[in-house]
Amino acid sequence: MTMDPAFLGRHEIRTSDAMEALGLRIGEQLRPGDLLILTGPLGAGKTTLTRGLAEGLGVRGPVQSPTFVIARTHPSLIEGAPLVHVDAYRLGSAAELDDLDIDFVRSVVVIEWGRPMASAVADAWWDIEIERPVGGDGELSDEDLDADAPRFVTVTRVER
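Residues numbered from 1 in each chain as written. Predicted model: local features only at pLDDT ≥ 70, side-chain atom pairs only at ≥ 80, totals over all residues. Heavy atoms only, no water.

A. Examining the packing of helix H1 (residues 16–27) against helix H2 (residues 46–57) more closely. It is the contact of H1 with H2, at a shortest axis distance of 6 Å, that shows an interaxial angle of 40°. Our classification of the angle between H1 and H2 gives oblique. When you trace H1 past H2, the crossing you get is right-handed. Along its contact with H1, which presents Ser16, Met19, Glu20, Leu22, Gly23, Leu24, Ile26 and Gly27, the element H2 presents Thr48, Leu49, Arg51, Gly52, Leu53, Glu55, Gly56 and Leu57. (Axes fitted to C-alpha atoms, helices over the stretch in contact; angles between N-to-C directions. Helix = DSSP H or I, 4+ residues; strand = E, 2+ residues; numbered from the N terminus. Parallel < 35°, antiparallel > 145°, perpendicular 65-115°, else oblique. Left-handed = near helix turned anticlockwise from the far one by under 90°. Contact = heavy atoms within 4.5 Å.)

B. Spotlight on the sheet that holds strand S1 (residues 9–13). The strand order across the open sheet built from seven strands is S1-S7-S6-S2-S5-S4-S3, with neighbouring strands paired in mixed fashion. Of all strands in the sheet, those with a lone pairing partner are S1 and strand S3 (71–74), marking the two edges. Averaged over all pairs of adjacent strands, the angle between strand axes in this sheet comes to 20°, irrespective of strand direction. Pairing of strand S2 (residues 35–39) with strand S6 (residues 124–131), which is carried by four bridges, proceeds in the parallel orientation. (Pairing = 2+ DSSP bridges.)

C. Seen up close, the packing of aromatic side chains. Counted under the stated rule, the structure contains one aromatic pair. Positioned above the aromatic ring of phenylalanine 152 is the side chain of arginine 10, whose terminal nitrogen or guanidinium carbon lies 4.2 Å from the ring centre. The cationic tip of arginine 157 hangs over the ring face of tryptophan 126; the distance from NZ or CZ to the ring centre is 5.2 Å. (Phe/Tyr/Trp six-rings, centres within 6.5 Å; stacked < 30°, edge-to-face > 60°. Lys NZ or Arg CZ within 6 Å of the ring centre and 35° of its normal.)

D. Just H2, in detail. The terminal C-alpha atoms of H2, which comprises twelve residues, lie 16 Å apart, in line with the 16 Å expected from a rise of 1.5 Å per residue. Buried within H2 are the following residues: Lys46, Thr47, Thr48, Leu49, Thr50, Gly52, Leu53, Ala54, Gly56 and Leu57. Where H2 is buried, its residues touch H1, S2, strand S4 (83–87), strand S5 (108–112) and S6. Two residues or fewer past H2, glycine 58 is found with a positive phi of approximately 75°. (Expected span 1.5 Å × (residues − 1). Buried < 20%, exposed > 50% of the residue type's maximum accessible area, 1.4 Å probe, protein only.)

E. The arrangement of the pairing of S6 in detail. Burial within S6 is extensive, with six of its eight residues counted as buried. Here S6 runs beside strand S7 (residues 151–159); their pairing, made up of eight bridges, is antiparallel. In the strand pairing of S7, isoleucine 130 is matched with valine 153.

F. Structural detail: H1. For H1, with twelve residues, the first-to-last C-alpha span of 16 Å sits near the 16 Å given by 1.5 Å per residue. Taken residue by residue, H1 has Met19, Leu22, Gly23, Leu24, Ile26 and Gly27 as its buried positions. Taken together, the buried residues of H1 touch S1, S2, H2, S6 and S7.

G. Seen up close, unusual backbone geometry. Geometrically, the link from glycine 61 to proline 62 is a cis peptide bond, its omega value of 0° lying close to zero. Along the chain, the position of proline 62 falls in the loop between H2 and S3. A positive phi angle, close to 55°, is found at aspartate 101, a residue other than glycine. Along the chain, aspartate 101 turns up in the loop between helix H3 (94–98) and S5.

Keep in mind these values describe shape, not function.
What follows is the structure in structure tokens.
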């Protein structure tokens, strides 16, 4: 798991295109066995970042949120590692994640909402937290979710 140190730390991302571009640059560096844990509120840009990761990896799309199917596998178009995109929001435990029978060794795995389960499936991973502004009352309208408001992306390496 090597990543250019320039990606570690906090980044301000102003548009969804910039979020996807960040994902592309990170995706170009990923290798089989890499695990990325994405955390952030609804509408933060987790799937947008994953679209960029997929482009950088050269996998088949389209990349869509796996909310209702739990996991989607995107095979490589360039004989590289497949991308497994997981939404762990509805999973109750790491055992349910294990039941998905994901090939963590030969794939690049991105797990949205997976922070509580990460240590059960890997010794090390990239933790990517995406923050976005919320309305003054804490409630978001549909317009707020689609807004190209700045996001803050913090990338850290976690080892247990």
